[in-house]
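Observations on the three-dimensional arrangement
Here is how the chains run, residue by residue.
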Amino acid sequence: MSETILEVRDLVKHFPVQVGVLFKRTIGHVKAVDGVSFDLRKGETLGVVGESGCGKSTLAQVLMRLEKATSGTVKFEGRDIFGLKGQELRRLRRDIQIVLQDPYTSLNPRMTVGDLVGEPFEIHTEVAPKGDRQRKVQELLEVVGLNPEHINRYPHQFSGGQRQRIGIARALALRPKVIICDEPVSALDVSVQAQVMNLLDELQTEFDLSYVFIAHDLSVVRHLSDRVAVMYLGKVVELGTDEQIYEHPTHPYTQALLSAVPVPDPELRGRREVIRLTGDVPSPVNPPSGCRFRTRCWKAQDICATEEPPLTERLGHLSACHFAEEHPHVAVV
Ligand SMILES: Nc1ncnc2c1ncn2[C@@H]1O[C@H](COP(=O)(O)OP(=O)(O)OP(=O)(O)O)[C@@H](O)[C@H]1O
Ligand code: SF4
Ligand SMILES: [Mg+2]
């Protein structure tokens, strides 16, 4: 097992819900991330999957130190990122980068590709001396599969997939160790998705990168992930290796998500059961007592309303269900 590069413990991010114009009053909190723990190992990809609003992007923002945590710790290479200042914080800003979902809104339309990809060098001048920047930018464009001669073009002159490559080149500019990918392919066509995923895969090996890869769909992360964390309403409900999550999931929420993943083999498809979740995702301002999934769970018992199931080893990997067990008809093999 390789060493841990990012260690997350009991991470909490609550946003206050405020009313009033002149005198703001806090009437509650959005519990966007509510006690998340995991390790990211060097060189691995940890997939983070869950429905819209479960706290994935908030988690990403806190890991990037773009949002302040309400409580909990994040250690990068053994050092608490919230305690870093000055040079150490600058170094962190190089070491952890993010690739966002929407290449349209995350790239300034008035900047050329060269300026966009080279912008990080303006802030971290030590990485590339001024005279060397153009060459470095062209090198980066080549690495992500873009034509280096297109350095003076604008984002609108590229396709969606190419724009995401620009975003990736920008994230790579400072030679980071960790890249947080927040749904980088969700806005792309399926065929383009595969190309971008392949690129990320190749870059991981070439540049010795560790990824936190966020998606709302289990099928997207399978190809790339070594391990997968499934999130529901601000919490991780199941965490395991690729095989444990896709072939032996024990949490009902994971099983429901997995049952919606298409399988190519018609024979397997026939034997699978599609679990349709009823009811809406509850509000993260007032999550259900006990197990947060209980209002939509077909297995819920009295204890589920009174006792929160901890994320703990059950049947070989981490699962947060009092009645963790395999489901005979949902595995994707
Ligand atoms: N700055 C903020 N202020 C208040 N609430 C916020 C803020 N940012 C996010 N939230 C709330 O926190 C919860 C989690 O949001 P987040 O964007 O992290 O979810 P997500 O899993 O990334 O969803 P999606 O799949 O739609 O991107 C949501 O209820 C959201 O409305
Ligand atoms: S703890 Fe109870 S409500 Fe929660 S997932 Fe398990 S069975 Fe369902
Ligand atoms: Mg998001």
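The protein is annotated in an unreviewed UniProt entry as Oligopeptide transport ATP-binding protein AppF of Kutzneria albida DSM 43870. As recorded by UniProt, the Sequence similarities (unreviewed entry) comment attached to the protein reads in full: "Belongs to the ABC transporter superfamily."

**Let's talk about the site of ligand 1**
Neighbouring residues of ligand 1: 13 residues in total, closest F15, A32, S52, S57 and T58. At the level of secondary structure, the elements contributing two or more residues to the shell around ligand 1 comprise β2 (25-41) and α1 (56-63). With 3 residues, the top contributor of residues to the shell around ligand 1 is α1. Here the shell around ligand 1 is built from residues that sort into 5 nonpolar, 7 polar and 1 charged.

**Some remarks on the domain arrangement of the protein**
As assigned here, the protein comprises domain 1 (4-225) and domain 2 (246-333). Of note, the centres of domain 1 and domain 2, computed from C-alpha atoms alone, are 29 Å apart. Domain 1 puts 12 residues into the contact, and the matching count from domain 2 is 9 residues. Within the residue set of the side of domain 1 that touches domain 2, elements represented by two or more residues are β2 and α8 (218-222). If one sorts the elements of the side of domain 1 that touches domain 2 by residue count, β2 sits on top with 5 residues. Partitioning the side of domain 1 that touches domain 2 into residue classes produces 5 nonpolar, 4 polar and 3 charged.

**Considering the sheet that holds strand β8 (residues 210-215)**
Across the sheet, 8 strands lie side by side as β6-β7-β8-β3-β9-β10-β12-β11; this open sheet has mixed pairing. Sheet topology places β6 (96-99) and β11 (312-314) at the edges, where each strand pairs with a single neighbour. Sheet twist, expressed as the average angle between the axes of neighbouring strands with direction ignored, equals 25°. Contacts from α1 reach β3 (45-49), β6, β7 (178-182), β8 and β9 (227-232) within the one sheet, and its direction differs from that of β7 by about 155°.

**Thoughts on unusual backbone geometry**
The phi torsion at E77 lies on the positive side, around 50°, for a residue other than glycine. By the secondary structure assignment, E77 is in the loop between β4 (71-76) and β5 (79-80). With 16 C-beta atoms packed within 10 Å, E77 lands in the partly exposed category. One non-glycine residue, E183, adopts positive backbone phi at about 50°. Within the secondary structure, E183 is located in the loop between β7 and α7 (190-207). For E183, a count of 20 C-beta atoms within 10 Å puts it in the buried group.

Conventions we followed
Residues numbered from 1 in each chain as written. Chains lettered and ligands numbered in written order. Predicted model: local features only at pLDDT ≥ 70, side-chain atom pairs only at ≥ 80, totals over all residues. UniProt positions renumbered as here; feature names shortened; annotations may be inferred. Near = placed C-beta within 6 Å. Helix = DSSP H or I, 4+ residues; strand = E, 2+ residues; numbered from the N terminus. Nonpolar A, V, L, I, M, F, W, Y, C, P; charged D, E, K, R; others polar. Domains from an automatic or database assignment. Contact = placed C-beta atoms within 7 Å. Pairing = 2+ DSSP bridges. Axes fitted to C-alpha atoms, helices over the stretch in contact; angles between N-to-C directions. Buried ≥ 20, exposed ≤ 12 C-beta atoms within 10 Å, placed from the backbone.

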